[in-house]
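Chain by chain, the residues run as shown.
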Amino acid sequence: MRRPVSTQPVLPFEAEERKLPRLVESLAEVCRQRPLDEKVLIAPSRFIGHQVAEALARSGTPWVHLRVESVRSLAHSVAGPSIADEGLSLLSRAQALALVEQACAETLTGSAYFGELSARPGLHRAIQNTFDELKSAGISPDALPESAFGDVRKIGELKSVLAAYESLLAKGKFVDRADVLRRAVLGLRESPRVADALYLLAGAFDLSATEAELVERVSGGHVRRLEADGPESWTDNASRATLFRALGEENEIREILRRLLAEGISLDDVEILATDPATYAPILYELASEHEIPCTFGQGIPATFTRPGQAALGYLRWLGRDFESEELREVVAGGLLDLARIFPGGAPGPLPAARELREARIGWGRERSLSALDLHIARRVAEVDSARRRSDEDDEDLNARIVWLKERFATARAVRDLVARLLALPPEPVDGKVELRAVARSASAFVAGFARIAGDLDAMASSALQGLFGELETLPVTRLSVAEAASRLSDAVRGLYVAADRPRPGRLHFGDYRSGGYGGRSKTFFVGLDSRRHPGSGLQDPVLLDEERRGINAAVAPRELAMRGGRPAENLLALRSCIARVRGEIAVSHACWDLLEAREQFPAAAYLDVFRLVSGDPTADYSDADRALPAAAGFLTEAPKALDETEWWLSRTREPHLAGGRGAPAVRAAYPWLADGFTAEEARDGVAFTVWDGLIRDPIGLDPRTSGRPTSCSRIQDLARCPYSYFVKRVLQLQPPEDARADPTIWLTPLERGTLLHEVFRRFYADQVGAVERPVYDRDWKRIETIAGEEIAKWRAKTPPRSAAAFEALRDDVLVSCRIFLLREEEHCRDVAPRWFEVGFGPSRESTEPPGDPEAVRISLGGGGSFLLSGRIDRVDEESPGAYQVWDYKTGSSWDTSEPERGRGGRRIQDALYAEALEILLVRAGSPGSVVKSGYFYAGRRGEGERFAAPRNPAVTRETLTNLFDLLRAGAFPHTPTEEDCSICDFAKVCSGADLAGRRAENKLREEAGNAVLLPYRRLNPS
Ligand code: SF4
């Protein structure tokens, strides 16, 4: 929302001071002295040079015959024609990085000096920069002295990598930047130039020996260095600065925009310089777009911020992780694909399409992707074909449901089509390898054909990405694994910025403090001065330490490499140089709160330095700064400074505090859900047990004593553990989203592994052929091993493992479990005979051979009360005629049931209920008997074969169940106050946090009189 300029005196700046930077003044002097002579300004980059020239024009100094160059552009103008004549191409930075990565992959082994680090992109960039430096300084690999290196492997490896890199350059007919420089110098040595122009070096920036020679030769000796503000003069400017802090980076930028708009400051008077442009540029871009504030971005915006950039990264992750469907699902669900363009005849929405992708349960794998989708479509067809009227449905409802099922089917078909088209893009690996350029080509086709474009920035990113992948396509043939290729291309995408521009009239400029401050704008904001971002960590250049540089310089004099010092020292010097060269008013800020991590952030040392200068107290510390500075800028501001409607509304609620402010009633009236939120929080903080805590007003049909529907032990135990999670899961029937993303080191979920083991144990006893009655380890090991192998093979066909290591780990675990099972069974079965397995009872239980029964069993609760129970007993053993033991296999650890305490309150009730159920089933089957023991057998590796069986106590069981069902009858679902209960809960994210929920529940449970509905819970869980 753009508003008329406010007159609020909120801008921190003092009166404007129009004094030119020393560099611009020096240039002005030359222009006045030599107005008509040709002048060439050589700047660290043409981007900086143009800023200086424009600042000169704006200062009112007329100039003509002034050309801006950089050392690089001069070298190009000299060497360019010969490079073109020889049919060579100039390597881009992305291409150079890819070649360095390839050279490292070809030469470095795991045991090499750089070997362990070779997979890290940071190292490749550092090596790339070092090569650039060495070549620019004219230092050949042969000239590097071994004595300069503590570890001779390092120099050997650097030489090998450089040689491999040079060979790749030659193979691809490329030249890099250092080659261009070297060729330019050689050309000028052979054919010296007579220059008429005056060459002016823009201040004190470093030149390598070769660069200095180029400047000297191209200028014919007519070169002068212009004076500029030195970093030592930074204190003059800094002592006039204004400081502020903000809650998060977004509020830092919001605060700047608020101040600019409130004061009506001309945007082209303003420059924002960041310590971390990759973070701050997207924030400014978003806010500036929203508020229609024209901006230029010196480094541009990271391509990864745009839809095509995010889509490209998602596509590469999908490829790199063996077509893991969850990666593709995220791309689809994020709206990063242009489904309308892909399906012009009618596109599904991104969320329905993502849902079909998830429900197809693909997992990963090229082949599985389509076969799983085909099966999924068949299921969708069957759903449509078998749709019948439900008992509570009329014709209209049935038709609406069929239409809905058909839509899902159509979406599933569209998703299959989409996946098939995407699978056609990447190359098929040969011997597990692909060509990097083929993967780059596929990524380019993906961006061009599938990525969504919504706005100019996306369009620029799309074309820049296609250009980037196009560059990488031209590299020499490199074969590598798909994961490596995807990772290299992802690195290149992460390094891509779009829409870079220099400061323009009428536009606010944003940039990096290293290349900013040259344009002479009168208001400069330095953002990101927190200790995490500045001066940064990191030691010296990891490829060539300063000590090694000194040794090299001694051997190659007069050529030399620059000393790097530590990166923090470099960053501090660059910041001070920038502060020294800006003019006008300065504001310095930092984010004192990390909004994502919800933790404090501290100011950088440089921020404290500025504070000391501003306050005039050189001994001031962080706490002095903390006391002296105004409160951090946040999302709440004063109404006249509000950037938009939301901020204005929030400002109304500000005094005296958010919940009771004057504007609160109006805000709540306008946003009823917000009002509900306040009401809920107040109620939850109180002692009464209310609808906001898990009390439902209409609990009809929930109590199994009266509903007539069978319930199960797992439902009852869920209710006992935490009634609130039962409410979410069993009453509201919510499920947390299933994360289909697979950990490549793990095959099968705990549930799947448990199912596999249950089947092995069942078959060991129950298979028709070779079934045993009393196992003997030595005799039966082969048999159970064979069954385990067959069951593992079935799962392998159904869900292929991600890696051989994951498969072997699971197989090993299963065989160890079988060994434990068999050894314990040999002991156990000396006293009992295994009799029945997987005894199902109740509807929809698969095996209901007698004593199993398709009818549920009715469990009496005494006093005329009863309920229906369904379930499946894993194992029944006969101890003596008519005397039985009931066992439930557990394949996890025994922590949850081994201690009797854990059974408290109904958390462990299955053993008691299954004992009772079996006795009823035996009567039904016509051979009554009694259960003398009922418990749990921990047959897996983690349970170590232990058995736990608590004595039966039917009276306590009945009382427990009665209390639990009374909660259902009352519709009372309190949160558990016991932290342990939350450890296996899927709903922590929707219950206001286990800690807070637990504390509140404890509070309400104490309030005996007001919360009668909680009485059953108090009886079950006496404190
Ligand atoms: S996190 Fe704890 S309190 Fe919250 S629903 Fe889960 S078990 Fe209940």
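Bear in mind the structure is a predicted one, so any value in this text is a computation, not a measurement. (Residues numbered from 1 in each chain as written. Predicted model: local features only at pLDDT ≥ 70, side-chain atom pairs only at ≥ 80, totals over all residues. Heavy atoms only, no water.)

1. What about the pairing of strand β5 (residues 198–201)?
Then, number 1: The alternating pattern of β5 places L198 and L200 and Y199 and L201 on opposite faces, both of which are buried.
Then, number 2: Relative to strand β6 (residues 223–225), β5 runs parallel, the two sharing three bridges. Of the residues in β6, the one forming a bridge with Y199 is V223.
Then, number 3: In this region the chain leaves β5, passes through helix α8 (residues 209–218) and returns to the parallel neighbour β6; the handedness of that crossover is right-handed. (Buried < 20%, exposed > 50% of the residue type's maximum accessible area, 1.4 Å probe, protein only. Helix = DSSP H or I, 4+ residues; strand = E, 2+ residues; numbered from the N terminus. Pairing = 2+ DSSP bridges. Right-handed = clockwise from strand over helix to strand, strands pointing away.)

2. Observations regarding the sheet that holds strand β9 (residues 295–297)
Then, number 1: What the six strands build is an open sheet, ordered β7-β16-β15-β8-β14-β9; its pairing is parallel. The sheet is open, and its two borders are formed by β7 (242–246) and β9, each paired with just one other strand. The sheet shows a mean angle of 20 degrees between the axes of neighbouring strands, direction not considered.
Then, number 2: Strand direction decides the pairing type here: β7 and strand β16 (residues 585–591), joined by five bridges, are parallel. Within β16, the position partnered with L243 by the bridge is V588.
Then, number 3: On top of the sheet, helix α11 (residues 277–290) reaches β8 (270–274), β9, β14 (508–512), β15 (523–527) and β16; it is set at about 165 degrees to β14, its chief contact. (Axes fitted to C-alpha atoms, helices over the stretch in contact; angles between N-to-C directions. Contact = heavy atoms within 4.5 Å.)

3. Quick word on helix α10 (residues 249–263)
Then, number 1: The end-to-end C-alpha distance of α10 is 22 Å, a good match for the 21 Å that 15 residues give at a rise of 1.5 Å each.
Then, number 2: Most of α10 is tucked away: 13 of the 15 residues are buried.
Then, number 3: One or two steps after α10, the chain reaches G264, where phi turns positive at roughly 65 degrees. (Expected span 1.5 Å × (residues − 1).)

4. Here's the deal with the site of the ligand
Then, number 1: Residues in close proximity to the ligand include R721, C722, Y724, S725, H975, T976, D981, C982, C985, A988, C991 and A994, which together make up its full environment.
Then, number 2: Here the residues of the shell around the ligand are counted per class, giving seven nonpolar, three polar and two charged. (Near = heavy atom within 4 Å. Nonpolar A, V, L, I, M, F, W, Y, C, P; charged D, E, K, R; others polar.)

5. Digging into the nonpolar core
Across soluble globular proteins, nonpolar side chains show a tendency to be buried alongside one another.
Then, number 1: Counting residues in each nonpolar core, the largest one holds 85 residues, and the members touching the most others are Y165, L337, L418, F469 and I552.
Then, number 2: With eight residues, the single largest contributor to this core is helix α6 (residues 152–171).
Then, number 3: When near neighbours in sequence (up to four residues on either side) are disregarded, F469 contacts A312, A440, A443, S444, V447, L489 and V493.
Then, number 4: Residues L27, L41, V71 and V175 belong to the second largest nonpolar core, which totals 43 residues. (Core = buried A, V, L, I, M, F, W, Y, C linked by side-chain atoms within 4.5 Å.)

6. Some thoughts on the sheet that holds strand β2 (residues 66–70)
Then, number 1: Pairing in this open sheet of four strands is parallel, and the strands run β2-β1-β5-β6 from one edge to the other. Each edge of the open sheet is held by one strand with a lone partner, namely β2 and β6. Strand-to-strand twist across the sheet, computed as the mean angle between neighbouring axes with direction ignored, equals 25 degrees.
Then, number 2: As paired strands, strand β1 (residues 39–43) and β5 are joined by four bridges and run parallel to one another. Bridging across to β5, V40 finds its partner in Y199.
Then, number 3: Across the face of the sheet, helix α3 (residues 71–85) comes into contact with β1, β2 and β5 while running at roughly 95 degrees to β2.

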